[in-house]
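Single-letter residue listing:
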Amino acid sequence: MQLFYNSDISEQNNSFTFPKDESRHIVKVLRKKVGDTLYITNGKGFLFTAKITIADQKNCVVSIENSEFKKPTDYQLHLAVAPTKMNDRYEWFLEKATEIGITSITPIFCDHSERKNVKLDRFEKILQSAMKQSLHLYLPTLNQPISFKDYINQDFSGDLFIAHCEETDKKSLKNEIKPNTEITILIGPEGDFSVNEIETAIKNKFIPVTLGNTRLRTETAAIVACHSVAFINE
């Protein structure tokens, strides 16, 4: 099944008109024609089955024949991950985390961060592409980038963890994860969190954890954390 995405479609729609760029892709690139069936999600849990009624490159119109709603997972996973020095590594993380299953992602700028800016528009497109490729019906929320200092002073709910490499007392993440809960995990930059950031997180009730016996790259650590939570919730 090929999955299409548009955030504007809803269960109230009887028909839907794709914008110009999507219409051109459907009609000219994919060569879809009148009568062809499309499967569409709005990234909010709905799967729409539709048939093309007007195959125009500027305005592709479909008739909604059926809609199904899939309830979200019983767990919520929020990852706050420092941007990597090389953009492609962070983009790889976004893609794989979406495939595995994640609720929201927040880029955080830390004391040791080498990158202080990100391209949210490009990140958003990667999330959308990964959602469609993996046939997920929920698009992860991509939050605005924020400094560690501002992020850590928010009100949090659920279980809170910070993964770091300092030689201090840490618990194993896999032993701390409980199924069907809300979880937030902090992953630092290539230079790790600073001692001050770790101490601040602990004061704010984040539990320090290890992801294994080896030192992992930022994007690898984020994927290990993501998969660990998904595995416990299978």
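Residues numbered from 1 in each chain as written. Predicted model: local features only at pLDDT ≥ 70, side-chain atom pairs only at ≥ 80, totals over all residues. Heavy atoms only, no water.

### Considering the overall build of the chain
- Helices and strands together make up the secondary structure of the chain, namely seven helices and 13 strands.
- A buried classification covers 44% of the 234 residues belonging to the chain.
- If you take every contact in the chain between residues at least 6 apart in sequence, the share linking residues at least 24 apart comes to 73%.
- Total accessible area computed for the chain in this model is approximately 12,600 Å², and 45% of it derives from carbon and sulfur atoms.
- Across the chain, 29 positive and 31 negative side-chain charges occur, with their mean positions spaced 6 Å apart. (Helix = DSSP H or I, 4+ residues; strand = E, 2+ residues; numbered from the N terminus. Buried < 20%, exposed > 50% of the residue type's maximum accessible area, 1.4 Å probe, protein only. Contact = heavy atoms within 4.5 Å. Areas by Shrake-Rupley, 256 points an atom, 1.4 Å probe, with all protein chains shown as cover. Lys, Arg positive; Asp, Glu negative; His and termini not counted. Charge placed at Lys NZ, Arg CZ, Asp CG, Glu CD.)

### Re the layout of surface pockets
- Quantified by volume, the largest pocket comes out at close to 580 Å³.
- What lines the largest pocket is a set of 24 residues, and nearest its centre among them are Pro72, Thr73, Ile102, Tyr138 and Leu139.
- Classifying every residue of the lining of the largest pocket by side-chain character gives 10 nonpolar, 11 polar and three charged. (1 Å grid on protein atoms, 1.4 Å probe; cavity = no way out; pocket = protein on both sides within 12 Å on 5 of 7 lines; lining within 4 Å. Points joined across faces, edges and corners; volume = space filled by probe spheres on them. Nonpolar A, V, L, I, M, F, W, Y, C, P; charged D, E, K, R; others polar.)

### With respect to the pattern of salt bridges
- Taken as a whole, this structure holds seven salt bridges when the rule is applied.
- A salt bridge links Glu91 to Arg122; the nearest nitrogen and oxygen atoms lie 2.6 Å apart. Of this pair, Glu91 sits in helix α2 (residues 87-100) while Arg122 sits in helix α3 (residues 120-133), and the two are 31 residues apart along the sequence.
- Classification of Glu91 by relative accessible area gives buried; the value is 12%.
- Here Lys96 ties to Glu99 by a salt bridge, and the two come within 3.7 Å at their closest N and O atoms. With Lys96 and Glu99 both in helix α2 and three residues apart, this pair spans about one turn of that helix.
- In the salt-bridge network here, residues are joined through shared partners; they are Glu95, Lys96 and Glu99. (Salt bridge = Lys/Arg side-chain N within 4 Å of Asp/Glu carboxyl O.)

### Considerations on the sheet that holds strand β4 (residues 46-54)
- The sheet built from five strands is open, its strands ordered β1-β3-β4-β5-β2 with mixed pairing. The outermost strands of the open sheet, each flanked by one partner alone, are β1 (3-5) and β2 (15-17). Direction aside, neighbouring strands of the sheet carry axes that sit 40° apart on average.
- In terms of strand pairing, strand β3 (residues 37-41) meets β4 through five bridges, oriented antiparallel. Following the sheet pairing, Thr37 is matched in β4 by Lys51.
- Sheet strands in contact with α3 are β1 and β3, and its direction is about 150° off that of β1. (Pairing = 2+ DSSP bridges. Axes fitted to C-alpha atoms, helices over the stretch in contact; angles between N-to-C directions.)

### With respect to the side chain of Arg115
- Residue position: Arg115 is located in the loop between β7 (104-109) and α3.
- Buried and unpaired, Arg115 has Asp88 as its nearest opposite-charge partner, separated by 7.9 Å.
- Here the side chain of Arg115 touches Thr84 through a polar contact of 3.2 Å, landing on its backbone oxygen. (Polar contact = N/O pair within 3.5 Å; in protein donor to acceptor, adjacent residues only side chain to side chain.)

### As for the pairing of strand β10 (residues 159-163)
- Counting buried residues along β10, five of its five residues qualify, which places the element largely inside the surrounding structure.
- Burial along β10 is two-sided: Asp159, Phe161 and Ala163 facing one way and Leu160 and Ile162 facing the other are all buried.
- Relative to strand β12 (residues 182-187), β10 is paired through five bridges, and the arrangement is parallel. Looking across to β12, one finds that Asp159 is bridged to Ile183.
- In this sheet, strand β13 (residues 207-210) lies alongside β10 in parallel orientation, the contact comprising three bridges. If you follow Ala163 over to β13, its bridge partner there is Val209.

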